[in-house]
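# Survey of secondary and tertiary structure
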Amino acid sequence: MAVINETTPDSQKDLSLYRRIREHPHVLRLTNLAGEMLPKGLYARALLIIITPIVVLEGVIAFAFMERHWQAVTRRLSEATARDIAALIDVYSDLPKADNAQKIVDLARDRLNLKMEVLPPGDLPPPGPKPFFRLLDKALSNELRKHVQLPFWIDTVGESQNVEIRVKRDDAILRFVATRSQTYASNSHIFLLWMVGSSVILLTVAILFLRNQIRPILRLADAADAFGKGRAISEDFKPRGAREVRQAAVAFLQMRDRIKQHVEQRTTMLAGVSHDLRTVLTRFKLELALLEDTPETRALSTDVNEMQHMLEDYLAFSKGDGGEEAKPTDLPELLQEIVDEASIYAATIDLKVRKSKGDIVLPLKRQALKRAITNLVTNAARFGDHIIIRVAPEGQWVRIEVDDNGPGIPESERENVFRPFYRLDHARNQDEGNSGLGLAIARDIAKSHGGEIALGQSSMGGLRAIISLPQ
């Protein structure tokens, strides 16, 4: 079947332009900056996805409301108030002086709902402080300037419920007091309060529901992390949450059961193989013990011992941690036990523990970790006569170092030596009793605890083995 390429030259140009824009240094810099500023957690990102549209929508609605409704209504009310004041000033100018004051005051009070006073001529008060929100000042000042066309002074800050306006004439100063509801849309803030209040209620409900949806995912992540570190999973862990989260939890539990069943079957099989092979080796030793002590029997006995040692290494590597459960373990105490048992070697072993706020107690598979560190100490004692073991907490990790003054391992070979049955050609691995599994076993055990092992150069010029374990 022929494949038809439907990509047109124009679409190719658009794709090329998109790639150039995306790969532009400034675009990459902005993308990286946005990635650093955005939250990393799922819960925070989900909240951001919910909150951002609501905030944008409320901002657009509030802007449109302020621009089209609030300002328009306020301008109309301010215009009406300014026209009323201008009309009263015209009436005041046209009426006879004798009856001027009282009639204008009564007219303003009864017909226009304005409180009016005629003050003696003089200067207007100095300008007062401007309010933070100057919409009323601006609208009312513009309308008074347009309709009254006389010097005026307004105060929208003094009395909270009233607005004071003074107009200067040659023969008097006319003082007007109007309610705020006459000059601007005073009930508009109720709409904003309802909008913000309802949004807060909706966000609160959304956060509560979202937290309930995120919690099963976090519990699943904790269970997977604990299982990866070889620790026991909480007994109350059960599939909860949405359907997809439940499916993921069920799949995880099934995977855990299959892995545990596989490990148990392998351990049982290896235990049977180990028993059968050790029975044969025991018969070999008994038969050798019944023979005369000759160079041939001594050589055969050495071969049997080497075979037993290699068999134990193979079984230890195949068995891994042997299904051992992690339990709280005092790490310095375990290291001291290893040092005491390693006193049979001809090397000097020092243990250095960095002081910390509390005891270094970790959930460990004690026997497995002991086997891993013992392998490192044995390997160091085989090629050096001075060994230093250091342990120190570093943040969320605990660092164990095993240094020796031996010949070390070239940097190019430090990763290869972790491969099973791998042996170096130089002096460090020329021992015939070495099976090439010590470091491989140590790495497997470290990884089963959620940690890692690496090699470097020690302060004494030899090899440094570093085990990092999570706290």
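Computed from a prediction, not measured in an experiment: that's the story for all the values here. (Residues numbered from 1 in each chain as written. Predicted model: local features only at pLDDT ≥ 70, side-chain atom pairs only at ≥ 80, totals over all residues. Heavy atoms only, no water.)

Once that is clear, we can look at unusual backbone geometry. The phi torsion at N113 lies on the positive side, around 55 degrees, for a residue other than glycine. Following the sequence through the fold, N113 ends up in the loop between α4 (97–111) and β1 (115–119). Positioned with a positive phi, Q149 is a non-glycine residue whose angle comes to about 60 degrees. When you line up the elements, Q149 lands in the loop between α5 (135–147) and β2 (152–155). (Helix = DSSP H or I, 4+ residues; strand = E, 2+ residues; numbered from the N terminus.)

Another point: the packing of helix α10 (residues 331–341) against helix α11 (residues 366–383). The N-to-C vectors of α10 and α11 enclose an angle of 50 degrees; their axes lie 10 Å apart at closest approach. Taken together, the axis directions place α10 and α11 in an arrangement best described as oblique. Where α10 crosses over α11, the two elements pack in a sense that is right-handed. On α11, the residues touching L331, L334, L335, E337, I338 and E341 of α10 are R366, L369, K370, I373, T374 and V377. (Axes fitted to C-alpha atoms, helices over the stretch in contact; angles between N-to-C directions. Parallel < 35°, antiparallel > 145°, perpendicular 65-115°, else oblique. Left-handed = near helix turned anticlockwise from the far one by under 90°. Contact = heavy atoms within 4.5 Å.)

Further remarks concern the pairing of strand β11 (residues 463–470). Along a regular strand, successive side chains alternate from one face of the sheet to the other. Summarising burial for β11: seven of the eight residues are buried, a large majority. In this structure, strand β9 (residues 397–404) lies alongside β11, joined through seven bridges in antiparallel fashion. When the sheet's bridge partners are listed, V402 is paired in β11 with A465. In this sheet, β11 lies alongside strand β10 (residues 452–457) in antiparallel orientation, the contact comprising six bridges. (Buried < 20%, exposed > 50% of the residue type's maximum accessible area, 1.4 Å probe, protein only. Pairing = 2+ DSSP bridges.)

Attention now goes to the sheet that holds β11. In sheet architecture, strand pairing relies on hydrogen bonds along the backbone and comes in two forms, parallel and antiparallel. Pairing is mixed across the open sheet formed by five strands, whose spatial order is β6-β8-β9-β11-β10. Two strands lie at the open edges of the sheet, namely β6 (348–353) and β10, each paired on one side alone. With strand direction ignored, the average angle separating the axes of adjacent strands in the sheet is 15 degrees. Bridge count between strand β8 (residues 386–394) and β9: eight bridges; the pairing is antiparallel. Bridge assignment links P393 to a residue of β9, and that residue is V398. Helix α12 (residues 438–448) rests against β10 and β11 of the sheet, and its axis sits at about 130 degrees to β10.

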